[in-house]
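Remarks on the overall topology
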Amino acid sequence: MSFYDIYKEYSWEEIKDFIYTRRENDVIDILFKENLSVEDFATLLSPAAEKFLEDMAQKAHKITVMRFGKTIKLYAPLYLSNVCQNACTYCGFNVFHKIPRITLKKDEIEREAKAVADTGIKHILLLTGEAPNVATLEYLKGAVSICNKYFSSIGIEIYPLDINGYKELIDVGVDYLTIYQETYNRETYDKIHPKGKKKDFLWRLETPERGAIAGMRTVGIGALMGLEDFRVDEFFVGLHAKYLMKKYWKTHITVSFPRMRKAPGVKTPFVEISDKNLVQSMLAMRLFLHDVGIVISTREPANLRDNLIPLGVTQMSAGSKTEPGGYTLKEDENAEQFHIEDNRTVDEIINVIRSKGYDPVLKDWDRAFVIS
C-alpha cells in the first residue's frame with residue numbers, strides 16, 4: 001500500500017465542494033476539538049474559517065510551543081546546478097528558457113559551502129534542476145562529501161530517485177529530503193508538466209515514501225501555492241503528511257507553503273494567493289497535525305515572515321540565493337529558479353527571531369548521533 005491508494009479514495013471536485021459549503025457553525029464546533037478528522041481539516045481550510053483566524057492562531061501558537069518550544073531552526077539552500085530536462089511552465093529552470101546554465105565544479109561547491117557555513121548555519125539544502133545526466137548520483141555524492149566538512153545536516157531537493165539511490169546518498173551524509181508534488185490535481189499537473197520525467201505524476205507522488213523507506217531522518221513535502229485552488233491542494237498535502245507520519249513514524253515530516261514568485265520566462269502566479277490564504281493554510285495544518293514541522297522560506301517578504309514566527313513555524317531559510325554560485329560567484333540573476341523576497345542577512349534574521357522571544361537554532365543534529 002502507498003499513499004496513492006489513499007489519494008484515489010478522494011475526488012478533487014468532491015473535496016472542493018465540501019470545503020466551499022462549510023458554514024461558520026461548522027468551524028466553531030471544530031475549534032474546541034483537540035484531535036481533528038480529515039473533514040475537520042477541510043473545514044478549517046474553507047472560506048467560512050477565515051473569520052476565525054485569530055482563534056486558530058492562538059491555538060496554533062499553544063500547540064507549537066508545547067510540541068517544539070520557542071525555537072526556529074535555520075537553514076540555507078545551496079544550488080548546485082540549474083540544468084533541467086523538464087518544461088515546467090511555472091519554473092525559471094524550464095528547459096526551453098534561455099538562461100545561463102551553470103553546474104558548479106568541486107572547487108566552486110567548496111567556496112559556496114564555506115560561505116554559507118561562515119554565517120553560522122549548519123543545515124544546508126542542496127538543490128539541482130532535474131537533469132540526472134548532469135547532476136549524476138556520483139556528482140551529488142561528491143558534493144555531499146564536500147559539504148560534510150562544513151555542515152552537521154545535509155538535505156537534498158533534487159530529481160526523484162529510487163530507494164537505492166536515496167540509500168547511497170544517506171550513506172555519504174544526507175539526512176533529509178524535500179520534494180514538492182507541486183499540485184495534487186492530476187489534470188492540472190499533466191498540463192503544467194508538458195515535457196520531461198517530471199510529467200510522471202505517480203513517480204513523484206510516491207517519492208517521499210521512497211525517501212522514508214530508505215531511512216531519511218526528515219522528509220519535507222508541499223504544494224506550490226498559485227498553481228491550483230490552494231484550499232484543495234493543502235487538503236491533499238495534509239492528507240499526505242498524515243499518512244507519512246503514521247506509517248513512517250521514525251521519520252520527521254515537514255510541510256512547506258511555497259508561493260509562486262517571479263522567475264525568468266514565467267508569468268506568475270496562475271492563481272492569486274493572498275497573505276491571508278497562506279496564514280490560513282499554515283494554521284489549519286498545525287491544528288490538524290500537531291507534530292508536523294512547518295517551513296517558511298525566503299520566498300515570503302520579511303515583514304510577513306517575522307509575523308509568522310509565533311503562529312506555528314518551526315523552520316526558516318535565511319540569507320538565501322536561488323542560483324548556482326549565488327553566494328560567491330555572483331552569477332547573473334537570470335540563472336535563478338525564482339526571485340526571493342526576504343533579502344536580509346542571516347544575522348539580521350537571527351536578531352528578529354530573538355526579538356520575538358524565540359531561539360534561533362543553527363545546529364540541531366550531528367552525524368555522531370547515528371548508531372552504526
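Reference entry: report on the structure contained in this document. Just so it is clear, the model here is predicted, and its values are computed rather than measured.

Overview of the state of the cysteines
Counted under the stated rule, the structure contains zero disulfides. The thiol of Cys-84 is not disulfide-bonded; the next cysteine sulfur, from Cys-88, is found 5.9 Å away. By relative accessible area, Cys-84 is classed as buried at 11%.

Observations concerning the packing of helix 12 (residues 230-247) against helix 13 (residues 275-288)
Two elements in contact, helix 12 and helix 13, have axes whose closest approach is 11 Å; the angle formed by their N-to-C orientations is 25°. If you check the angle between helix 12 and helix 13, you find them roughly parallel. Once helix 12 is placed against helix 13, the crossing between them reads as right-handed. Of the residues in helix 13, those in contact with Phe-230, Arg-231, Glu-234, Val-237, Gly-238 and Lys-242 of helix 12 are Asn-277, Gln-280, Ser-281, Met-285 and Phe-288. Classifying every residue of the contact of helix 12 with helix 13 by side-chain character gives four nonpolar, four polar and three charged.

Here's the deal with the pattern of salt bridges
A side chain of one charge can pair with a side chain of the opposite charge when the charged atoms of the two come close. Evaluation of the coordinates by the stated rule reveals 24 salt bridges. Residues Glu-24 and Lys-51 are paired through a salt bridge, measuring 2.7 Å at the closest nitrogen-oxygen approach. Here Lys-51 lies in the loop between helix 4 (38-44) and helix 5 (53-68) and Glu-24 lies in helix 3 (residues 24-30), a separation of 27 residues in the sequence. Since its relative accessible area comes to 33%, Glu-24 is described here as partly exposed. For the salt bridge of Glu-130 with Arg-204, the shortest nitrogen-to-oxygen distance reads 2.9 Å. Taken together, the positions of Glu-130 in the loop between strand 2 (123-128) and helix 7 (137-147) and Arg-204 in helix 10 (residues 201-205) put the pair 74 residues apart, joining distant regions of the chain. Classification of Arg-204 as buried rests on a relative accessible area of 6%. Where salt bridges share partners, they join Glu-130, Glu-182, Lys-198 and Arg-204 into one cluster.

What about the environment of Asp-364?
Position of Asp-364 among the secondary structure elements: in the segment after strand 9 (359-361). The partly exposed category is assigned to Asp-364, whose relative accessible area is 38%. Distance from Asp-364 to Lys-122, taken between C-alpha atoms, is 8.5 Å for residues 242 residues apart in sequence. Those residues within four positions of Asp-364 in sequence are excluded, and the remaining contacts are Lys-73 and His-123. Of the polar contacts made by the side chain of Asp-364, one reaches the side chain of His-123; its length is 2.9 Å.

Some points on the packing of aromatic side chains
Geometry of an aromatic ring pair is reported as the spacing of the ring centres plus the angle between the planes. All told, the structure shown has 14 aromatic pairs when counted by the stated rule. Considering the side-chain rings of Tyr-150 and Phe-151, the 6.5 Å spacing of their centres and the 55° angle between planes classify their relative orientation as tilted. Here Tyr-150 falls in the buried class, since its relative accessible area comes to 19%. Their ring planes at 85° and their centres at 5.5 Å tell us that Phe-235 and Phe-236 sit as a pair that is edge-to-face.

Definitions and cut-offs
Along each chain, residue indices are assigned from 1 in the same order as the chain's sequence is written. A pLDDT threshold of at least 70 governs which residues receive local features in this predicted model, and a stricter bar of 80 or more applies before side-chain atom pairs are shown or counted, although totals over entire chains, interfaces and linings include all residues. Each side-chain value is derived from all of the structure's non-hydrogen atoms; neither hydrogens nor water enter the calculation. Sulfur atoms of two cysteines make up a disulfide when they are within 2.5 Å. Whether a residue is buried, partly exposed or exposed follows from its accessible area with a 1.4 Å probe, protein chains only, as a fraction of its type maximum: under 20%, in between, or over 50%, in that order. Lines fitted to the C-alpha atoms define the axes, with helices restricted to the stretch that makes contact. Angles between their N-to-C directions range from 0 to 180 degrees. The secondary structure listing takes helices from DSSP runs of H or I that are at least 4 residues long and strands from runs of E that are at least 2 residues long, numbered from the N terminus. When an angle is under 35 degrees it counts as roughly parallel; over 145 it counts as roughly antiparallel; between 65 and 115 it counts as roughly perpendicular; any other value is oblique. Note on convention: the crossing is left-handed when the near helix lies turned anticlockwise from the far helix by less than a right angle, right-handed when the turn is clockwise. Every residue pair with non-hydrogen atoms within 4.5 Å of one another is taken to be in contact. Charged residues are taken to be Asp, Glu, Lys and Arg, nonpolar residues to be Ala, Val, Leu, Ile, Met, Phe, Trp, Tyr, Cys and Pro, and polar residues to be all remaining types, Gly included. The term salt bridge refers to a side-chain nitrogen of Lys or Arg lying within 4 Å of a carboxyl oxygen of Asp or Glu. Polar contact is the term for a pair of N or O atoms within 3.5 Å; when the atoms are in protein, one must be able to donate a hydrogen and the other to accept it, and sequence-neighboring residues count only if both atoms are side-chain atoms. Each Phe, Tyr or Trp ring (for Trp, its six-membered ring) is paired with any other whose centre lies within 6.5 Å, and the angle between the two planes then decides the class: stacked below 30 degrees, edge-to-face above 60, tilted in between.

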